[in-house]
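# Report on the structure
What follows is the residue order along each chain.
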Amino acid sequence: MKTLEEIYAEMTALFQQETGVTLAGDGDMAVRLYAAAAQIYALYVQADWVERQCFPQSALGEALDRHAQLRGLERRAAAAAQGVLRFETDSPAQADLTIPAGTVCMTAGLVRFATLEEAVIPAGESAVEAPAKAEETGAAGNAAAGSVRAMAVAPVGVSRCTNPAAFFGGVDEEDDEALRARVLESFKRMPNGANTAFYQQGALSFPEVAAAAVLPRNRGRGTVDVVVSTQAGLPGAELLAQLGAYFEARREIAVDVQVKAPELVSVDVSVAVGTKKGADAEAVCGAVEQAVSAWFSGSLLGQDVLLARLGALVFQVDGVANYRLSAPLEDVEIGTAQLPVLGELTVTQLEESA
């Protein structure tokens, strides 16, 4: 694309050729030509932008969303992490203690989680668990087990809180590159009403579905099993029923289609982290916990857990100078209908930091 100066130079050269007059840089005609060149340059810029937005390979933002809609796809919205909060007292309660819905607890990094329903510590008991959800959507809400330790306002009689298991399922809004990859993939694998692409793309048209696998003839000839996962992991019964009805109305004649949840494969992760000089070791370890917790999502359906990917994930965390994985000891092979989920996560400091 021509620059503004190139356009102006061509105009002044042509003017001199046609009139024999050399323009002064600050003359009236020179100013007029420069203004015209600026408008022509703006047209070049607009034409270049339109050309890029016309194709899914280079479109951005809203224009890319429109390309996706033509393929029956939508940009995945951000989702909030979910989990369980445990509230405890120092000694058995003398009377029922109510934990109101909306009670807020926080991590050391001030990531906030709110309970979704009221919970009660019965008289004679010292703890109760309540389902909770991150107040803000996004991967930042994924928190390792035991990382939620503070209450914004402690309910009467409650001494402490924690999360016995990791909060997971938090995901950022799908970026342009991820959506672009799905759009281009839909051109490479054209659904024809009978192939695996038809069933997979049909399942992925539901915004709740993070990944889908198709198992033809899994129960014999004339059968198709569609295995789906959500960002939080296992799909709910309602989603499975919706998908079942969707495929029942569109399936091939004489084909038995079943929509199923994946088999969970627990993967324990233990890593020792060496931090860079001047870095807060505790904060770096917390960031590693969050990164690993966020990585184990429903999008890993059917994907092997590779030591190389885990190592790269840890090493990319700001402040990490070195690391040593002690679990898993080797790559974990995952079947097509299996979903790896994070088991016990242990992050410690290397004895010698860089």
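Please read these numbers as outputs of a predicted model, since none were measured by experiment.

How each quantity is defined
- Residues numbered from 1 in each chain as written.
- Predicted model: local features only at pLDDT ≥ 70, side-chain atom pairs only at ≥ 80, totals over all residues.
- Heavy atoms only, no water.
- Pairing = 2+ DSSP bridges.
- Helix = DSSP H or I, 4+ residues; strand = E, 2+ residues; numbered from the N terminus.
- Axes fitted to C-alpha atoms, helices over the stretch in contact; angles between N-to-C directions.
- Contact = heavy atoms within 4.5 Å.
- Patch = residues over 30% accessible without salt bridge, like charges linked within 9 Å, V, L, I, M, F, W, Y side chains within 5 Å.
- Areas by Shrake-Rupley, 256 points an atom, 1.4 Å probe, with all protein chains shown as cover.
- Salt bridge = Lys/Arg side-chain N within 4 Å of Asp/Glu carboxyl O.
- Buried < 20%, exposed > 50% of the residue type's maximum accessible area, 1.4 Å probe, protein only.
- Expected span 1.5 Å × (residues − 1).
- Arc of directions from axis to C-beta.
- Parallel < 35°, antiparallel > 145°, perpendicular 65-115°, else oblique.
- Left-handed = near helix turned anticlockwise from the far one by under 90°.
- Nonpolar A, V, L, I, M, F, W, Y, C, P; charged D, E, K, R; others polar.
- Polar contact = N/O pair within 3.5 Å; in protein donor to acceptor, adjacent residues only side chain to side chain.
- Core = buried A, V, L, I, M, F, W, Y, C linked by side-chain atoms within 4.5 Å.

### Notes on the sheet that holds strand E14 (residues 338-349)
What the three strands build is an open sheet, ordered E13-E12-E14; its pairing is mixed. Of all the strands in the sheet, just strand E13 (320-327) and E14 have a single pairing partner and so form its edges. On average, adjacent strands in this sheet sit at an angle of 30 degrees to one another, irrespective of strand direction. Bridge count between strand E12 (residues 263-275) and E14: ten bridges; the pairing is parallel. Following the sheet pairing, Val265 is matched in E14 by Pro340. Sheet contacts for helix H7 (residues 281-295): E12, E13 and E14; angle to E14, the most-contacted strand, approximately 175 degrees.

### Quick notes on a nonpolar patch on the surface
A grouping of Met1, Ile40, Tyr44 and Val45 is seen on the molecular surface, where their side chains present a nonpolar patch of about 340 Å² in accessible area. Tracing the backbone shows Met1 in the segment before helix H1 (4-19).

### Some words on helix H5 (residues 196-204)
Because each turn of an α-helix spans 3.6 residues, side chains separated by three or four positions in sequence point in the same direction. Most of H5 is tucked away, with eight of its nine residues classed as buried. Those residues of H5 that fall on the buried side of the exposure criterion are Ala197, Phe198, Tyr199, Gln200, Gln201, Gly202, Ala203 and Leu204. Turning to H5, the residues buried within the fold contact helix H4 (176-188), strand E9 (209-216), strand E10 (223-230), helix H6 (237-248) and strand E11 (256-260).

### Brief notes about H1
Compared with an ideal rise of 1.5 Å per residue, which puts 16 residues at 22 Å, H1 spans 23 Å between its outermost C-alpha atoms and is within 8% of the ideal. Turning to H1, its buried residues number three or more, namely Ile7, Tyr8 and Thr12. The arc that holds the buried residues of H1, viewed along the axis, is 130 degrees, so those residues lie on one side. Buried residues along H1 sit against helix H2 (28-53).

### Some remarks on the sheet that holds strand E8 (residues 160-162)
Reading across the sheet, the six strands line up as E7-E3-E4-E6-E1-E8 and stay open at both edges, with antiparallel pairing between neighbours. Two strands in the sheet have a free side with no partner beyond their single neighbour: strand E7 (148-151) and E8. Neighbouring strand axes in the sheet, compared pairwise and without regard to direction, differ in orientation by 40 degrees on average. The pairing of strand E3 (residues 104-107) with E7 spans three bridges and is classified as antiparallel. The residue of E7 that forms the bridge with Thr107 is Val148.

### Notes on the packing of helix H3 (residues 61-70) against H4
It is at 10 Å that the axes of H3 and H4 come closest, and there the two elements cross at 25 degrees. Judged by the inter-axis angle, H3 sits roughly parallel to H4. As for how H3 packs across H4, the hand of that crossing is left-handed. Along the contact surface, H3 presents Gly61, Leu64, Asp65 and Ala68, while H4 presents Asp176, Leu179, Arg180 and Val183. Of the residues contributing to the contact of H3 with H4, the split by class is four nonpolar, one polar and three charged.

### Regarding the environment of Ala9
Tracing the sequence through the fold places Ala9 in helix H1. Separated by 169 residues in the primary sequence, Ala9 and Ala178 have C-alpha atoms spaced 42 Å apart.

### Topic: the environment of Arg251
Its location among the elements puts Arg251 in the loop between H6 and E11. Owing to a relative accessible area of 30%, Arg251 belongs among the partly exposed residues under this scheme. Linking Arg251 and Val224, residues 27 residues apart in sequence, is a C-alpha distance of 9.6 Å. Setting aside residues no more than four positions away along its own chain, Arg251 makes contact with Tyr199 and Val257. Here Glu248 takes part through its side chain, which lies 3.1 Å from a polar atom of the side chain of Arg251. At 3.3 Å, the side chain of Arg251 and the backbone oxygen of Val255 are in polar contact.

### Thoughts on the nonpolar core
If you look at soluble globular proteins, the nonpolar side chains tend to sit buried side by side. Val273, Val288 and Phe296 are the most contacted members of the largest nonpolar core, which has 26 residues in total. Mapped by element, the contributors of at least two residues to this core are E9, E12, H7, helix H8 (307-315) and E14. Among residues more than four places away in sequence, those in contact with Val273 are Val284, Val288, Val314, Val320, Asn322, Tyr323, Val347, Thr348, Gln349 and Leu350. Of all hydrophobic cores here, the second largest spans 21 residues; its members include Phe87, Ile99, Phe113 and Val158.

### A short note on the pattern of salt bridges
Considering all chains together, one arrives at 17 salt bridges under this definition. A salt bridge links Asp176 to Arg75; its shortest N-O distance comes to 2.8 Å. Of this pair, Asp176 sits in helix H4 while Arg75 sits in the loop between H3 and strand E1 (82-88); the two residues are 101 residues apart in sequence, bridging distant segments of the chain. Here Glu88 ties to Arg86 by a salt bridge, and the two come within 2.8 Å at their closest N and O atoms. On the accessibility criterion, Glu88 (19% relative accessible area) is buried. Taken together, the shared-partner salt bridges in this structure form one network comprising Arg86, Glu88, Asp90, Glu129 and Arg160.

Such coordinate-based values are descriptive only and should not be taken to indicate function.
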